[in-house]
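Observations on chain architecture
Residue-level listing of the chains:
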Amino acid sequence: MPDTSELPDPLEAKLRAALAPNLLLVREIGAGGMARVFLAREPSLKRNVAVKVLASDQAITDAARARFEREAQAVAGLSHPNVVAVHTVGDLDDGTPYFIMQFVEGRSMSDRIQRDGPISVAEARRALGEVAAALAAAHAQGIIHRDVKPANILYEESTGRSLVSDFGIAAIGREAEHAPVNMKLTATGSILGTPQYMSPEQLLSEPVTEKTDVYSLGLLAHELLCGTSPFKASSPHELIAAHLRDVPARLSVRRPDVDAELDAVIASCLEKSAASRPAAAEVARRLTPGAGALLEWPPPGLDGLVGAMRRVSAMAVLGGFMITGIMLAILWAGPLLNSALTSLATLLALIGAIGGSVPLGIAFYRASLAGVAAATAIKSGYAWMTVLETMADVRGDTGNLITASREYAGLRPAERDHLRRRRVRREVALLLGGLLALPMLVITLMLGSMDVVDWRAAWLGVAVPVTALILAVIADEIERNKFAPRQRRPAPDATGVSRLAPPWNESFETVRAGQVVGRGAATQPNAGRWIVAGVGAFLGVLLILVAPFAIVGTIGPAYWSVVIPQFVNVRERVRLAELARPYESPKDSSVSALAAGRAYVVLGKPLAAGRFRSHAQFPELPLPVVLPTAQWEGGAMASDLFRTARWNTVPGLPSTLKVFAAVRAGLGPNERAFLERVAAAPHWEHFDIIGRARSMDYFGARFQLPFAPGASTVLMPLPRFQATKLVAYANVSRAAYHLSRGRRDSAEAVLRRGVAFGFRILDDGNFALDQVVGSVLVGIARQGLIDLFKATGDPRGPALEARVDSVVAQIEAAVNPNSRTLFPGIDARDSRAVRAAISRDAEDPRAIRGERMEMMSLLSLTPCTNVRELVFGLSPDVKAIFDRQRKELGRFPSDSAFFDMLERQSEAMPNQVGDHWASLLRVSRIVGGILRNKRLPGCVGVLSQFIG
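Description of the structure in this document. (Residues numbered from 1 in each chain as written. Predicted model: local features only at pLDDT ≥ 70, side-chain atom pairs only at ≥ 80, totals over all residues. Heavy atoms only, no water.)

1. Comments concerning the overall build of the chain
Rule in force here: Counting from the N terminus, the helices are the DSSP runs of H or I reaching at least four residues and the strands are the DSSP runs of E reaching at least two. Note on definitions: a residue-residue contact is assigned when non-hydrogen atoms from the two residues lie within 4.5 Å. In these tables, accessible area is a Shrake-Rupley quantity obtained with a 1.4 Å probe, and a residue counts as shielded only by the protein chains included in the view.
The helix and strand inventory of the chain stands at 39 helices and 10 strands. Within the chain, counting contacts between residues at least 6 apart in sequence, those at least 24 apart form 73% of the total. A total of about 44100 Å² of accessible surface is found on the chain, and carbon and sulfur atoms cover 59% of it.

2. Here's the deal with helix 14 (residues 384-392)
Selection criterion: A 1.4 Å probe rolled over the protein chains alone gives each residue an accessible area, and that area as a share of the maximum for its type sets the label: buried under 20%, exposed over 50%, partly exposed in between.
Where burial is concerned, most of helix 14 is hidden: 7 out of the 9 residues are buried. Taken residue by residue, helix 14 has Met385, Thr386, Val387, Glu389, Thr390, Met391 and Ala392 as its buried positions.

3. Observations concerning empty space enclosed by the protein
The condition is simple: Two kinds of site are reported from a 1 Å grid over the protein atoms alone, namely cavities, where a 1.4 Å probe fits but cannot get out, and pockets, open sets with protein on both sides within 12 Å along at least five of seven lines, and residues are called lining when an atom falls within 4 Å of a point. Grid points are joined across faces, edges and corners, and a volume is the space filled by probe spheres set on the points. In this classification, the charged set is Asp, Glu, Lys and Arg, the nonpolar set is Ala, Val, Leu, Ile, Met, Phe, Trp, Tyr, Cys and Pro, and all remaining amino acids, among them Gly, are polar.
For the structure on display, the rule yields 4 cavities of 30 Å³ or more. Computed from the structure, the largest cavity encloses a volume of approximately 90 Å³. In this structure, the largest cavity is lined by 13 residues; those nearest its centre are Tyr600, Tyr698, Pro719, Asn766 and Asp770. Looking at the lining of the largest cavity, its residues break down into 9 nonpolar, 2 polar and 2 charged.

4. Describing the sheet that holds strand 5 (residues 97-102)
Selection rule: Strands are labelled as partners when DSSP assigns at least two bridges between them. Whenever a helix is involved, its axis is fitted only over the stretch in contact; in every case the axis is a line through C-alpha atoms, and angles between N-to-C directions fall within 0 to 180 degrees.
An order of 1-2-3-5-4 is seen for the 5 strands of this open sheet, with the pairing classed as antiparallel. Of all the strands in the sheet, the pair left with one neighbour each is strand 1 (24-31) and strand 4 (86-91). Taken over all neighbouring pairs, the strand axes of this sheet differ in orientation by 25° on average, direction set aside.

5. Quick notes on unusual backbone geometry
Put simply, Ala20 and Pro21 share a cis peptide bond, and its omega is 0°. By secondary structure assignment, the location of Pro21 is in the loop between helix 1 (10-19) and strand 1. In this structure, the amide linkage connecting Leu705 to the following residue, Pro706, adopts the cis form with an omega of -5°. Mapped onto the secondary structure, Pro706 falls in the loop between helix 28 (698-702) and helix 29 (721-740). In this model, Lys46 sits at a positive phi of 55°, which is unusual for a non-glycine residue. Within the secondary structure layout, Lys46 lies in the loop between strand 2 (35-42) and strand 3 (47-54).

6. Quick notes on the environment of Ile113
One can find Ile113 in helix 3 (residues 109-116). Taking C-alpha positions, Ile113 is 9.2 Å from Leu225, a pair spaced 112 residues apart along the chain. The residues touching Ile113, leaving out its near neighbours within four places in the chain, are Glu223, Leu224 and Gly227.

What is shown is where atoms sit, not what they do.
Structural data, given as structure tokens:
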């Protein structure tokens, strides 16, 4: 037999052609014995619709066509939110009818019950009320559905709304009066309707009325709440007998949580006599949330509290605006402001400021009256939420909102919960906005006296009430446009409040119909004082928790102005050093980076002469060799020529120019002995290793890796670069020694090695200081080469000197020598600009490695310069920079360990401080522990390093 599953569907093809181009057929979404339903897209309105078309095997019968057309006619005349609307009808080219109707995103109640089981009482009440309302609208148009069942009730997932569908066997107009049902209970017979949901009059083939749908509605209620029909039957005949004879069990028996009101309504729907059943409109009224009972609003005795919060906040906002606005004008005018005795404008400002206290006083007076009335209401038996909602009720219709009556009848419980909460929040925000204006101004003045903020911060005093006022107005307009105008308040009730409160509370609980927001817990009158005291204590604790963050957040940005390396023209120094790049000595690939690093450690440590700093959190590797203290240290020069030399030199060593001039003029015994001691020093082996290396790993050679958890760049020991500078000058003397022996080429080779030594520090340093020191070391060797060339008549000397002088002149013309920062032209007090410059330089491929590593060290401290990163950690952009630079700058395992230390440092800085910061540090440690913030005490410690 051929496979027909892939063959085109003739009906779908005809429907697609008939709908084009206005509708785009998407797919089939359902099928029954009578019709098929397709999903289509209406591009012009950008919406989905459902297209119901008569099945091909049904289209040939007149009865099927009549039933199909009847459904379209029945629904087309209805306009109700709980009826699936029909938009238009049409015929295919072969005469097969179809109609286009509303698409409901969801599933039928039948599918929902089968999948999820019975639904909650609150949701069933709402669904039944909506179905009853839809049936009432149909009955008003003379339409009887005749097939109300879960499969014909659609549940819209997005709104929770229930919609009635499938009016295919509906009786319309006078047809209903003479419409007995022709039932055939055979396997092959056709049945108009579903026996399980038919009324006794349907089963007896009597004319149907609108009460027929009400009976089916009662059966639907049992199906929704219990999952099954109220009648038990094993055959169609037993089912018919049960409908005609048996009284179904009450819903409350089968479902104990069903309330009495719903139980009674459903029982009356299932009366055998149609005349005894209520009308669908009556069922809808009784099942609509809150409609079964009345709720007096405002609660008896609380008439004077309705809208009290708005009356207080209106005066508070007015007074706050007047005082803070005028004070802002006075602060802005400053010295331009004349005395009130001679200036009318100043006098009016003064009067206005004083006058602002009048509405503010009225606000406090009204607040005290409202407070007394609220305390009396609570003493009478009302709960605090009831009192608060009454005070926040500006429209006077919160009672309608709670009971879902009038303009709020279509809102779900969750929507009404949201609206009730929003009203209270809006009024509380507006009240606080007005009351906070003056305290904000006082705080601004106090902080201004402490030089923490300037006058512009006084705008906060206006910003708070303005924002609250704008939000309140917007919320009012949204609510006013969405719902009916304000309702008239009922007249005050003179009955004793204490007697009326309990029954009102009981009524409230009856009508709130599944809403989460209740009336609040019952409390005692004096509980308000405890609440105020508790709120005060809570605010005090909050202040203690917030204070360290506020201190770090306000002082932290100034940290940039201290931690940014204060070097003069760093990049210009590098530019000068690059002039000597062609004179580097050749590299030796057999010298490893780790060997060069060890040589640098060995060379530098004894030259520090006991000043070599270390730290317990940076344990060091043992030195493979310990060199003696340098023989040339301490000014051991016998010659007056060398002893008095002070140009470009250090104490105890001759200048580069004069040492070569002395060699050319002839050395005395003491000078020759000095140069011999310099040349024979054991340090040159390590010096030359560094000069021959292609790269250097200083961290890996000096420290035990990985770095300890508490390690930080703030505590990291650095080389004593003064000792390194001494070696560079001594290397010039070593070259002079070779020249004094007639070995001119050896002298040049020694100086070229000095150039390479300086570039090794410059290129492979880990901080900007390495960059500066490397430039100096290269400059010493470069000047030595110039002096050597000039002393030996080599033309390269004047040429190199001319290039140096030319670059120096360009730098002096373009750069301010007083700009002692890596970022000339950027104000170090501008935290945002400094941060941007640091981020830019960290990723600048033209920048020297030491400078980029310095920038990464600075970026790890950004949490100490702003509150956001202090609380939430490094921002994503800084984390991204860390990820990229770890890949670009990481060459050795020590580099990875260094980046790990920086990232740990951004989470927990060292928190060692002096005695005068100890108290704040203890507080910050406690606060950091409570809030689980390790950065806070660390930043207090870091900031203390530069504050004092």
